[in-house]
Amino acid sequence: MSKFVIEGGTKLKGKVNIGGFKNAAVAIIPATILCQDKCIIQNVPLIDDVNVLGEILTEIGADVEFLDDTSISIDTSNINECYLKNGLSKKIRASYYLLGAGLGRFKNASTLLPGGCDIGDRPIDQHIKGFEALGATVDISDDGRISVKADKLIGNKIYLDVVSVGATINIMMAAVLAEGKTTIENAAKEPHIVDTANFLNSMGADIKGAGTDVIRINGVEKLRGCTYRVIPDQIEAGTYMIAAAATKGDIIIDDVIPKHLEPITAKLKEMGMGIEEYGDSIRVFYENELTPVNIQTLPYPGFPTDLQQPMTVLLSSLHGESMVVEGVSEDRFKYVNEIKKMGANIEYSKKHAKISGTKNLKGAIVRATDLRAGAALIIAGLVAEGITEIIDIYHIDRGYEFIENKFMNLGAKIRRVKED
Ligand code: EPZ
């Protein structure tokens, strides 16, 4: 096991490059199952979730090859079923995409129920609702195996009771080869849904409306392989934006889509940060004392739930009161106990955190409880007085590529130490 050791007090300065979007890549990689051909996916982040998905696809018979730093070749010609025997699917949330992709291609798929960050119950009832609406039967066994199958898939009108990223993408994948038209109403609108729809359309699917709350899919006969580049990771970019604010720094973030960053940009500007946009780069710089703001996380284009934890750390390091309301995940404040060890003054419940900011967080030994909480603790360590040690950093490696190197290149005093 390893840990991060951070010495606080450095203002971040310089440039950082953003990788491909984790939550787009972990949908697009399983979606290659829908064609019986070879795909080249470019700008894939080098993170553990992608490695796990590469192992999963290899296990079911795909030929997976990492071509260079950020491209992956996936040949799914020899896959003839989508049955995941081992426990790999429990390691990540995105393994549930094998159900939609396997159902779409083989009319049959079976995996163990997904794992992922501990941020609430995270049911998949809306995924199941969509699969059943298309004509599939869904069985969940006592030992946590979920199996979906259909004689044939017929397009249908599906209204999501909850705005769900995963369900929207999974139903899209199951519907692209179904007979007839499918409409997904109350669909999630995140950029990675648009990216996945664009990838499927590059394979020959017929999807319109991704990015709005109504997605229309006309089933087609067959999909073919393609080459596709994943969009930049707006959550990774937002993490560095918030870190620049917390450390009173001045950084330039390259390879971003500023439009995708608008919810974060708006909030940081409201707090008093300087923001300048140049095409596919953005400069985030400290000008004068920041004022606390209130945050409510919402589905896109609201403030993203995946940046709630880093933002709560930033607010904890300022003078004044603020309120953070978690409008998406069911139970995403567990990590607050770790920041309180560093002197943060926060009262919280499952859906709310009331922050009485304090100027001096102090270094401590803390534990990453999930991916984004881990990133938030790095930010806390960067602003705290003294030394912070973060353990269980495998959570962070699931979704951030080279995170300590990128922070070191911005001047942070952070190093990865192997735990004996
Ligand atoms: C995706 O999770 C992301 N993960 C999460 O990112 C992100 O926090 C979340 O979307 C919201 O943006 C991946 O893309 C792999 P949801 P997902 O379905 O699909 C409820 C990260 O840090 N719900 O949009 O699981 C659910 O409980 C991770 O990168 C149902 O009730 O999110 C939650 O409260 C963490 N029934 C809300 O909807 C369902 O069938 C949103 O969940 C599905 C979801």
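Per chain, the residues get numbers from 1 upward, laid out in the order the sequence is written. Only residues with pLDDT of 70 or above have their local features reported here, since the model is predicted, and side-chain atom pairs are shown and tallied only from 80 upward, although totals for entire chains, interfaces and linings are computed over all residues. Heavy atoms throughout the structure, all of them, feed into the side-chain values; hydrogens and water do not.

1. Notes on the pattern of salt bridges
In what follows, salt bridge is the name for a side-chain nitrogen of Lys or Arg lying within 4 Å of a carboxyl oxygen of Asp or Glu. With the rule as written, the count across this model stands at 23 salt bridges. A salt bridge links Lys15 to Asp254; its shortest N-O distance comes to 3.5 Å. Of this pair, Lys15 sits in strand E2 (residues 13-17) while Asp254 is found in strand E14 (residues 250-254), placing the two residues 239 residues apart along the sequence. Between buried and exposed lies partly exposed: a residue is buried under 20% and exposed over 50% of the maximum accessible area for its type, with that area taken using a 1.4 Å probe on protein chains only. On the basis of relative accessible area, Lys15 is assigned to the exposed category, the value being 54%. The class for Asp254 is buried, based on a relative accessible area of 14%. Here Arg283 ties to Glu276 by a salt bridge, and the two come within 3.3 Å at their closest N and O atoms. By the criteria applied, helices consist of DSSP H or I runs no shorter than four residues and strands consist of E runs no shorter than two, each listed in order from the N terminus.

2. Digging into the nonpolar core
Within the largest apolar cluster, 146 residues are counted, with the highest numbers of intra-cluster contacts made by Ile253, Leu268, Leu314, Ile378 and Phe407. Throughout the structure description, domain borders are defined by an automatic or database domain assignment. Mapping this core onto the domain boundaries places at least three of its residues in each of domain 1 (2-18 + 232-418) and domain 2 (22-229). Residue contacts are defined here by distance: any two heavy atoms, one from each residue, within 4.5 Å place the two residues in contact. With residues up to four places along the chain from it excluded, the contact list for Phe407 reads Leu12, Tyr240, Ala243, Ile378, Leu382, Ala412 and Ile414. In plain words, nonpolar cores are sets of buried Ala, Val, Leu, Ile, Met, Phe, Trp, Tyr and Cys residues tied together by side-chain atoms within 4.5 Å.

3. Some thoughts on the sheet that holds strand E17 (residues 295-297)
Whenever strands of a sheet pair, they do so through backbone hydrogen bonds, lying parallel or antiparallel. Strand pairing is assigned whenever DSSP identifies at least 2 bridges connecting the two strands. Ordered by their spatial adjacency, 4 strands build an open sheet running E17-E18-E20-E19, and the pairing between neighbours is mixed. Looking at the sheet topology across the chains shown, the edges are occupied by E17 and strand E19 (346-348). Averaged over all pairs of adjacent strands, the angle between their axes in this sheet comes to 10°, without regard to strand direction. Across 3 bridges, the pairing between E19 and strand E20 (residues 352-357) is antiparallel. In the sheet register, Glu347 faces E20, and the bridge partner there is Lys354. Only the stretch in contact is used when a helix axis is fitted, and all axes are lines through C-alpha atoms; the angle between N-to-C directions ranges over 0 to 180 degrees.

4. Description of the sheet that holds strand E1 (residues 2-7)
An order of E21-E22-E1-E23 is seen for the 4 strands of this open sheet, with the pairing classed as mixed. Among the strands making up the open sheet, the edge pair consists of strand E21 (365-367) and strand E23 (413-418). Each neighbouring strand pair of the sheet contributes to a mean axis angle of 25°, computed without reference to strand direction. Looking at chain direction, E1 and E23 are connected through 6 bridges and run antiparallel. The residue of E23 that forms the bridge with Phe4 is Arg416.

5. Remarks on the site of the ligand
Nearness of a residue to a molecule or strand requires only that one of the residue's heavy atoms be within 4 Å of it. In the region of the ligand, 25 residues are neighbours, and Arg93, Tyr96, Ser164, Asp306 and Val328 sit closest. In the environment of the ligand, an oxygen atom lies 3.1 Å from a nitrogen or oxygen atom belonging to the side chain of Asn23. Here a polar contact is taken to be a pair of N or O atoms separated by no more than 3.5 Å, where protein atoms must pair a possible hydrogen donor with a possible acceptor and residues adjacent in sequence count only if both atoms sit in side chains. At a separation of 3.4 Å, an oxygen atom of the ligand approaches a polar backbone atom of Pro123. Taken together, the elements giving at least two residues each to the shell around the ligand come down to helix H1 (22-31), helix H4 (125-133), helix H5 (165-175) and helix H11 (371-383). The residue classification treats Ala, Val, Leu, Ile, Met, Phe, Trp, Tyr, Cys and Pro as nonpolar and Asp, Glu, Lys and Arg as charged. All others, Gly included, are polar. Considered class by class, the residues forming the shell around the ligand number 10 nonpolar, 7 polar and 8 charged. Taken domain by domain, the makeup of the shell around the ligand includes at least three residues from each of domain 1 (2-18 + 232-418) and domain 2 (22-229).

6. Topic: the packing of aromatic side chains
Whether two aromatic rings pair depends on their centres lying within 6.5 Å, for rings of Phe, Tyr and Trp, where Trp uses its six-membered ring; planes under 30 degrees apart make the pair stacked, over 60 edge-to-face, and the rest tilted. Counting across every chain of the model gives 4 aromatic pairs. Ring plane angle 70° and centroid distance 5.6 Å describe the contact between Phe199 and Tyr228, whose orientation is recorded as edge-to-face. With Phe199 in helix H6 (residues 191-202) and Tyr228 in strand E13 (residues 227-229), the pair connects residues that are 29 residues apart, well separated along the chain. We classify Phe199 as buried; its relative accessible area is 0%. Ring plane angle 25° and centroid distance 6.4 Å describe the contact between Phe333 and Tyr335, whose orientation is recorded as stacked. For Tyr335, a relative accessible area of 1% corresponds to the buried category. Charge-over-ring contacts are defined here by two conditions on Lys NZ or Arg CZ: a distance within 6 Å of the ring centre and an angle within 35 degrees of the ring normal. It is Arg283 that lies over the ring of Phe285; its NZ or CZ is 3.7 Å from the centre.

7. Focus on the domain arrangement of the chain
Segmenting the chain into domains produces domain 1 (2-18 + 232-418) and domain 2 (22-229). Relative to domain 2, the C-alpha centre of domain 1 lies at a distance of 30 Å. Each partner contributes to the interface: domain 1 provides 23 residues, whereas domain 2 provides 24 residues. The term buried area means the drop in 1.4 Å probe accessible area that two parts suffer when joined, counted for both and summed. Across the interface of domain 1 and domain 2, roughly 1900 Å² is buried in total on both sides, 50% from carbon and sulfur atoms. Looking only at domain 1, the three residues that lose the most surface to domain 2 are Tyr300, Glu330 and Arg398, adding up to 35% of its buried area.

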